[in-house]
Amino acid sequence: MTLAATGHPPTQAVAAAGAAPATPGEPARSARPRTDRRLARIRVVLVVGALLFGAVGIYGVQVRTDGANDAKTHSGVLIEQAEQIYHSLSDADATSTTMYLHVGEAPANLLQQYNTDLQNAQAALLAATKEAGGDAVAVKALDQIATQLPQYVKLNATAAADNLIGYPVGFRYLLQASNLMQGTSATATAGPTGILPWAQNLTDTEAKNLSAAEGTAKQFPVPMLVVGLLFLAALVVVQVQESRRTNRVFSPGLLAATAALVVAFAWTGLDIGVQNGHEDKAKTRGSDQVSVLATARILSLQGRTEEMLTLVGRGTADDQETDYAGVTAANGTYTPGTEADLATALRQAYELATDATGSKLAAAAATDEEAWHTQHQALRGFDAQNQYEKAVDSALGQHDFATAASAAKSFNALQNDLAQAITHAETSFGAEAKDGAGAVAGLEIGLGVLALLMAAAVVRGLGRRIAEYQ
Amino acid sequence: MTTMNGRRHRGLRTGGVAVVVAAVALSAACSSPGGASKAVMPRPGQDVAPGGLPNAPKAPPTPCGPSATAAALNALPGPNDPVAPGGTLDKIRKRGFLIAGIDVNTELFGYDPQHNNNPQGFDVDMAKAVARAIFGADGHIQFRVVTLADPTTGEFAQLHAGNIDLAVETTTITCARMEGANRMNFSNPYYTAQLRLLMPLGDDGNPQKTSLAQLKGTGTKVCATLNSTPVDIIKKTLGDSAAVQVPNALDCLADLQQDQVGAIYTDDALLRGMASQDPHVAMTTAPGGQDQPYGIATNFDPKTPNDLTPFVNTVLANMIQDPGPNGWRSLFAKDLGSQPGSLPVIPPAYPLGS
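Residues numbered from 1 in each chain as written. Chains lettered and ligands numbered in written order. Predicted model: local features only at pLDDT ≥ 70, side-chain atom pairs only at ≥ 80, totals over all residues.

An unreviewed UniProt entry lists chain B under the name Glutamate ABC transporter substrate-binding protein, from Catenulispora pinistramenti.

Set out below in structure tokens:
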């Protein structure tokens, strides 16, 4: 009220303003009304507010982008490489035990597969080490893998050499190698041992980091919201006051600034919504599926290793079959084995599939798994009924089993379908993640431009009013 | 050996004093006029009573001593002679072949060198000899791989379920196995193992002379199977830190080859198999200890008397006498690569074992 009472009518102000430039120096300055200086102060505050809003907004968007980028680069790369290490080495272990079951020289294709697996693991180890940098947890896990891998290779080489001569001690080397590879998972009190559990450790740690980063990427930038609302409130207050003091309902400049602010809010909200949508989709469509399929693949390789070691052990490695089949304790508690876990993982993969191709591939993998399990049980039956050679032939898909249904055939079909399903899920993930990143592109520039527009509108709008007093 | 898979020797804590009494069995077998088909085995419990022999122990044998061994007074029937209807022999004859439980992971005793279900070794030859005695010809035998001493799938379970007729897999005859809950019948010993030390060859390329006791103070790590009697002996002789325990005795060889241990202490039967896989190691020449008689296990059924164990005892007695290629000595030399130093003995008392 007091402000309105001391205000001058616009006509007087225009007259005063017209006279002022003609009289330079002290008199004009001292004659300038207080409203003039008050408006200049408001103008500065509003301009600073507009620029601050722009800066905070750009910073917020950058945090989101950085979060996504951090996740994609550091943790993402490490997870990808750790999974590559895990898969390659699981496959190497299944392959080396399969080679051992062959009498004499190992078949060239298996030998090549084993070598390729080791090369892929080495390459992934190298890439991961490069990315790890100062990430102490990652460095420790990679160091463990790198130190133990040569030992694993050496044990397998000795096993193969002994096997070639027909020395049974080779099997103990093979078991030592496989135990080193499979290791034991981390518990509440002890860290992991062996090679694969360290790869798992790395994946788990980085997955946690990734999910934290994804959380950051999902938030609406709070500082931007706060500054924006304060700025909006200031604009509204100034406009309301000015419209009360003068008889003008609108100040076009301030109105334009307000409109720009609303546009900035809408744009940001829309973009973030779209991006989150893509990320949620990427998660359900891609990464969750990839992860459950990758788990299934690793379980299938572990099951294959167990199948082989049980056969090679001829009664001295029957605990491997227990690992495969699970155990029912005396009190009736059933602990699922690798096979049951694998079946569960494939069921999950089917449920997670979001398109026809994904469902089809997951269903095919589940069918293969069932067939493999049936063949595995038949194979165990042969072994128990003193038909060891028949069991071996089914496991290796040779002789009578070269074309007929066999454990080897079903297992290979499963590997094939799993590989296809994983590729499909990865493609879905990649597309959604890319769209998600694209959604934020342009927003930073937009916010910058809008902030400058707001500042310009404020300067221009209030400049006119100030000019009226000069 | 007592067991495999981490249970070798477990609880084998009392070594019986070895007394060579095989001669008793041999003379009894010999004295039967009908040769193999009419051989009669004396009941060791009767003939090897305390004081019955000049070198028999003064103290009475433990309850599970020789008297617990199922032995026979009945004659060995020929392939066409009648056998007790419903008995084990009758069942085997009607089936047309013997089913023998064996191990295929003990080099020289039971192993399958070509991975083609064509097992070989001293245990396998013992089983073949029993089949030959039942059917009068070769080829009437089927082998089944039986995990040693496995509580759910081991010899006892397979014998009890009737999946196998007998088990020959370097199983030590122990009181617990003859009288415990998982009771089995055992033949007289077909091999007497001793605990020996396996070490790398000496600098001169010959086996070393070292005994376990002589390793004291050298810091040498000695390997043995997890929770086995040798582990206890190593700990007692050299201190706890000297003992390295592994799941399977053959792991010891792998560890020795990788220089993680300096010696292996276990049954000489196993050490023979290890030495055959590595030309750079050998049993030391120090005398062994802790006799462990290996027997052929058959099913114990309180309702139906087992007529297979006495039959097997007679087959063993005849083989020990036989100087031919299928005789005990020839098979020993063929399978184990050296002439036997002594014949298998029926000890005055079997180890208590587990």
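Next comes the rest of the description.
Participant: Please set out the overall build of chain A residue by residue, giving values where relevant.
Facilitator: A tally of regular secondary structure across chain A gives 16 helices and two strands. Within chain A, the fraction of its 470 residues that count as buried is 44%. Counted over contacts in chain A with a minimum sequence separation of 6, partners at least 24 positions apart contribute 74%. (Helix = DSSP H or I, 4+ residues; strand = E, 2+ residues; numbered from the N terminus. Buried ≥ 20, exposed ≤ 12 C-beta atoms within 10 Å, placed from the backbone. Contact = placed C-beta atoms within 7 Å.)

Participant: Provide a residue-level description of the environment of Ala-132 of chain A, including the pertinent values.
Facilitator: Residues and elements named next belong to chain A. Looking at the element boundaries, Ala-132 is found in helix α5 (residues 108-132). Sequence-wise, Ala-132 and Gln-176 are 44 residues apart; in three dimensions their C-alpha atoms are separated by 29 Å. In this structure, Ala-132 is in contact with Leu-78, Ala-138, Val-139 and Leu-142, ignoring residues within four places of it in sequence.

Participant: Requested: an account of unusual backbone geometry, with residues and values cited.
Facilitator: Phi angles above zero are rare outside glycine, and Arg-314 of chain A is one such case at about 45°. Tracing the backbone shows Arg-314 of chain A in the loop between α10 (252-313) and α11 (318-325). Backbone geometry places Leu-108 of chain B, a non-glycine residue, at a positive phi of 80°. Mapped onto the fold, Leu-108 of chain B is located in the loop between β2 (105-106) and β3 (110-111). Given 21 C-beta atoms within a 10 Å radius, Leu-108 of chain B is considered buried.

Participant: An account of the interface of chain A and chain B is needed here, citing residue identities and associated values.
Facilitator: Listed by partner, the interface residues are 15 residues for chain A and 27 residues for chain B. Among the secondary structure elements, those contributing two or more residues to the side of chain A that touches chain B are α7 (169-182) and α14 (388-396) of chain A. The element contributing the most residues to the side of chain A that touches chain B is α7 of chain A, with four residues. Residues that form the side of chain A that touches chain B fall into these classes: six nonpolar, five polar and four charged. (Nonpolar A, V, L, I, M, F, W, Y, C, P; charged D, E, K, R; others polar.)

Participant: Can you break down the nonpolar core residue by residue, with the values?
Facilitator: Val-130, Leu-166, Val-222 and Ile-264 of chain B are the most contacted members of the largest nonpolar core, which totals 168 residues. Take this core: its biggest share by element is 13 residues, from α10 of chain A. Of the domains in this structure, domain 1 (22-58 + 84-190 + 295-336) and domain 2 (195-290) of chain B are the two that each give at least three residues to this core. Val-130 of chain B has contacts with Leu-98, Leu-166, Val-312 and Val-315 of chain B, leaving out every residue within four places of it along the chain. Core analysis: the next-biggest nonpolar cluster, separate from the first, contains 28 residues, Leu-46, Leu-254, Ala-451 and Ala-457 of chain A among them. (Core = buried A, V, L, I, M, F, W, Y, C linked by C-beta atoms within 7 Å. Domains from an automatic or database assignment.)

Participant: Explain the UniProt feature "domain: Solute-binding protein family 3/N-terminal" (unreviewed entry) in chain B residue by residue, including any values.
Facilitator: Residues given the UniProt feature "domain: Solute-binding protein family 3/N-terminal" (unreviewed entry) here are residues 97-326 of chain B. Strand forms 24% of residues 97-326 of chain B and helix 29%; the C-alpha atoms that close the span are 19 Å apart. (UniProt positions renumbered as here; feature names shortened; annotations may be inferred.)

Participant: Can you break down the domain arrangement of chain B residue by residue, with the values?
Facilitator: Residue and element names in this part refer to chain B. When the domains of chain B are assigned, the result is domain 1 (22-58 + 84-190 + 295-336) and domain 2 (195-290). Taken together, the contact pairs six residues of domain 1 with six residues of domain 2. Taken together, the residues that form the side of domain 1 that touches domain 2 break down as three nonpolar, two polar and one charged.

Participant: Kindly report on the sheet that holds strand β6 (residues 184-186) of chain B, identifying the contributing residues and their values.
Facilitator: All names here are of chain B. Spatially, the five strands line up as an open sheet ordered β4-β1-β5-β13-β6, and their pairing is mixed. Every other strand in the sheet has two partners, leaving β4 (141-145) and β6 as the edge strands with one partner each. Across the sheet, the mean angle from the axis of one strand to that of its neighbour is 30°, orientation sign disregarded. Pairing analysis gives three bridges linking strand β1 (residues 98-102) to strand β5 (residues 166-168), with the strands arranged parallel. Bridged to Ala-100 within β5 is Leu-166. (Pairing = 2+ DSSP bridges. Axes fitted to C-alpha atoms, helices over the stretch in contact; angles between N-to-C directions.)

Participant: Let's hear about the packing of helix α13 (residues 356-384) of chain A against α14 of chain A: which residues, and what values?
Facilitator: Residue and element names in this part refer to chain A. Contact pair α13 / α14: the axes reach a minimum separation of 7 Å and the direction vectors enclose 155°. Between α13 and α14, the angle falls in the class roughly antiparallel. Of the two possible hands of crossing, α13 and α14 adopt the one that is left-handed. Contacts between α13 and α14 pair Gln-375, Ala-378, Leu-379, Phe-382 and Asp-383 from the former with Tyr-388, Lys-390, Ala-391, Ser-394 and Ala-395 from the latter. When grouped by side-chain class, the residues that make up the contact of α13 with α14 number six nonpolar, two polar and two charged. (Parallel < 35°, antiparallel > 145°, perpendicular 65-115°, else oblique. Left-handed = near helix turned anticlockwise from the far one by under 90°.)

Participant: Any details on helix α7 (residues 229-238) of chain B? Residues and values, ideally.
Facilitator: All names here are of chain B. Residues of α7 that are buried include every one of Thr-229, Pro-230, Val-231, Ile-233, Ile-234 and Leu-238, and no others. Looking at the buried residues of α7, the elements they touch are β7 (191-200), β8 (222-225), β9 (243-246) and β10 (263-267). Gly-239 sits one or two positions beyond α7 and adopts a positive phi of about 100°.

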